[in-house]
Amino acid sequence: MDYRRIGKSGLKVSVLGFGNWLTHGGGIDDDVARACVRKAWDLGINFFDTADIYRKGAAEEFLGPQLRAFRRQDIVLATKVFWPMSDNVNDRGLSRKHIHEGVENSLRRLQVDYIDLYQCHRHDPDTEVYEVVRAMDDLIRRGKILYWGVSEWPALEIKNACAIARELHADPPISEQPEYSLAARRVETNGVQRACLQEGMGMLVWSPLKQGLLTGKYSGGKVPAGSRAGNAQMNMFLTQIDREIVDRADRLRPIALAHDATLAQLALAWVISRPAVSSAILGASRPEQVEENVAALNVKLTDADLAQMDELFSADRFR
């Protein structure tokens, strides 16, 4: 396993992280989920990412006890706050009230004393960024969190948060968590990647395999048994197979074969080679998937490989 700093912070995470967006708390069998966490750890993954909204807290409740098998100082635990957790008008967003209550609830569900990285799951147009920066800095000073970051924030608001933090002599965000893959390259065109590079922030990217569309498993439009698209508990964000993505991924097979790699490993090797990327977050429904994906670290892409991949999946087309 390789490890990288998140941006210019001193925090180091495995270049491949482990997330439980759709899997834990109901997506897959609990015993399989435990095996996936253990496999990730055994392969050197130290970065575990979740969110309060995942299964409305059930994903955090499942992950916490699994991580207790490891020394707390050996893992980097990240979670998020923003989405509504109840019908309560204040149980959502990024107000100081919701951030304060959200972190306490996440700490209880995860069974830990502090969170390494607390992330604002979206930008909140109803809350001034000043309030968010102050609330996060207060949590750091109180020892509830060590660092904070954002997820899917516009480039302008990322820069705004960093500027306000500098003005207040407060801790700035160290990370942005956007979707990023060969088939989702909008961070390259909407200014987010550039803002992260300018502000010294690392990108912790989600869905680096475009929910499996880049793995080759859906070739010809088929939906194999056991795949995400074929699982009613996990396919709510994959309601149909994008044949263009699948067909273009199939055209990458010669490159994968030249590296003795799978299409999934090829796609992961590409995304972790991109500027500002500190870690790519993996989801897994089987331990074997974790093992296959971590082997992407052995794939060293050439300039010719990158050019061909860019031709098939251009940033202007796949946003």
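Treat the numbers as computed from the prediction; the structure is a model and nothing was measured.

### Describing the pairing of strand β10 (residues 277-282)
Each regular strand displays side chains that alternate between the two surfaces of the sheet.
Here is step 1: Along β10, 6 of the 6 residues are buried, which leaves the element largely enclosed by surrounding structure.
Here is step 2: Relative to β10, strand β3 (residues 16-19) is paired through 3 bridges, and the arrangement is parallel. Paired with G17 across the two strands is I281, which belongs to β10.
Here is step 3: Pairing between strand β9 (residues 202-205) and β10: 3 bridges, direction parallel. Each bridged residue has a counterpart across the sheet, and for V205 the counterpart in β10 is A280.

### Brief notes about the side chain of S219
Here is step 1: By the element assignment, S219 lies in the loop between β9 and α7 (243-250).
Here is step 2: Only 2.8 Å separates the side chain of S219 from the backbone oxygen of G216, close enough to count as a polar contact.
Here is step 3: A polar contact of 2.7 Å, which involves the side chain of S219, links it to the side chain of D250.
Here is step 4: With near-sequence residues (within four places) excluded, S219 lies in contact with V246, D250 and R253.

### Side note on the nonpolar core
Here is step 1: In this structure, M136, W148 and F313 are the most contacted members of the largest nonpolar core, which totals 89 residues.
Here is step 2: At 8 residues, the largest contribution of residues to this core is made by helix α9 (residues 263-271).
Here is step 3: Counting 10 residues, the second largest nonpolar core, distinct from the first, contains V13, A78, L117 and L204.

### Focus: helix α5 (residues 155-168)
A turn of α-helix holds 3.6 residues, and therefore any two residues three or four places apart point the same way.
Here is step 1: Helix length check: α5 (14 residues) gives 20 Å between terminal C-alpha atoms against 20 Å at 1.5 Å per residue, within 8%.
Here is step 2: Where α5 is buried, its residues touch α4 (129-141), β7 (145-150), β8 (175-176) and α6 (192-199).
Here is step 3: Positioned one or two residues after α5, H169 has a phi angle of 55°, which is positive.

### Some words on the packing of α4 against α5
Here is step 1: Packing of α4 against α5 brings their axes to within 9 Å, and their N-to-C directions diverge by 60°. In terms of their interaxial angle, α4 and α5 are classed as oblique. At the point where α4 passes α5, the crossing takes the right-handed sense. Of α5, the residues touching α4 (which contributes V129, Y130, V133 and R134) are E157, N160, A161, I164, A165 and L168.

### Structural notes on α4
Here is step 1: Spanning 13 residues, α4 covers 18 Å between terminal C-alpha atoms, matching the ideal 18 Å at 1.5 Å per step.
Here is step 2: Considered for burial, the residues of α4 that qualify are V129, V132, V133, A135, M136, D137, L139 and I140.
Here is step 3: Phi turns positive one or two residues past the end of α4, at G143, with a value near 80°.

### Notes on the sheet that holds β10
Here is step 1: Ordered by their spatial adjacency, 8 strands build a closed barrel running β3-β4-β5-β6-β7-β8-β9-β10, and the pairing between neighbours is parallel.
Here is step 2: Two elements, β7 and β8, share 2 bridges in a ladder whose sense is parallel. Bridging across to β8, V150 finds its partner in E176.

### Quick word on the pattern of salt bridges
Here is step 1: Under the definition given, this model contains 26 salt bridges.
Here is step 2: Residue R71 is joined to D74 by a salt bridge in which the shortest nitrogen-to-oxygen separation is 2.9 Å.
Here is step 3: A residue is classified by how much of its surface remains accessible, and D74, at 27% relative accessible area, is partly exposed.
Here is step 4: With a closest N to O distance of 3.5 Å, R274 and E188 form a salt bridge. With R274 in the loop between α9 and β10 and E188 in the loop between β8 and α6, this residue pair connects regions lying 86 residues apart in the sequence.
Here is step 5: In the salt-bridge network here, residues are joined through shared partners; they are E152, E179, R186 and K210.

### Focus on the side chain of N20
Here is step 1: Here N20 is to be found in the loop between β3 and α1 (30-42).
Here is step 2: Judged by relative accessible area, which is 1%, N20 ranks as buried.
Here is step 3: For N20, the side chain forms a polar contact with the side chain of T50, separated by 2.8 Å.
Here is step 4: Here N20 is in contact with D49, T50, Y54, A59 and L63, once residues within four sequence places are set aside.

Scoring rules and cut-offs
- Residues numbered from 1 in each chain as written.
- Predicted model: local features only at pLDDT ≥ 70, side-chain atom pairs only at ≥ 80, totals over all residues.
- Heavy atoms only, no water.
- Buried < 20%, exposed > 50% of the residue type's maximum accessible area, 1.4 Å probe, protein only.
- Helix = DSSP H or I, 4+ residues; strand = E, 2+ residues; numbered from the N terminus.
- Pairing = 2+ DSSP bridges.
- Polar contact = N/O pair within 3.5 Å; in protein donor to acceptor, adjacent residues only side chain to side chain.
- Contact = heavy atoms within 4.5 Å.
- Core = buried A, V, L, I, M, F, W, Y, C linked by side-chain atoms within 4.5 Å.
- Expected span 1.5 Å × (residues − 1).
- Axes fitted to C-alpha atoms, helices over the stretch in contact; angles between N-to-C directions.
- Parallel < 35°, antiparallel > 145°, perpendicular 65-115°, else oblique.
- Left-handed = near helix turned anticlockwise from the far one by under 90°.
- Salt bridge = Lys/Arg side-chain N within 4 Å of Asp/Glu carboxyl O.

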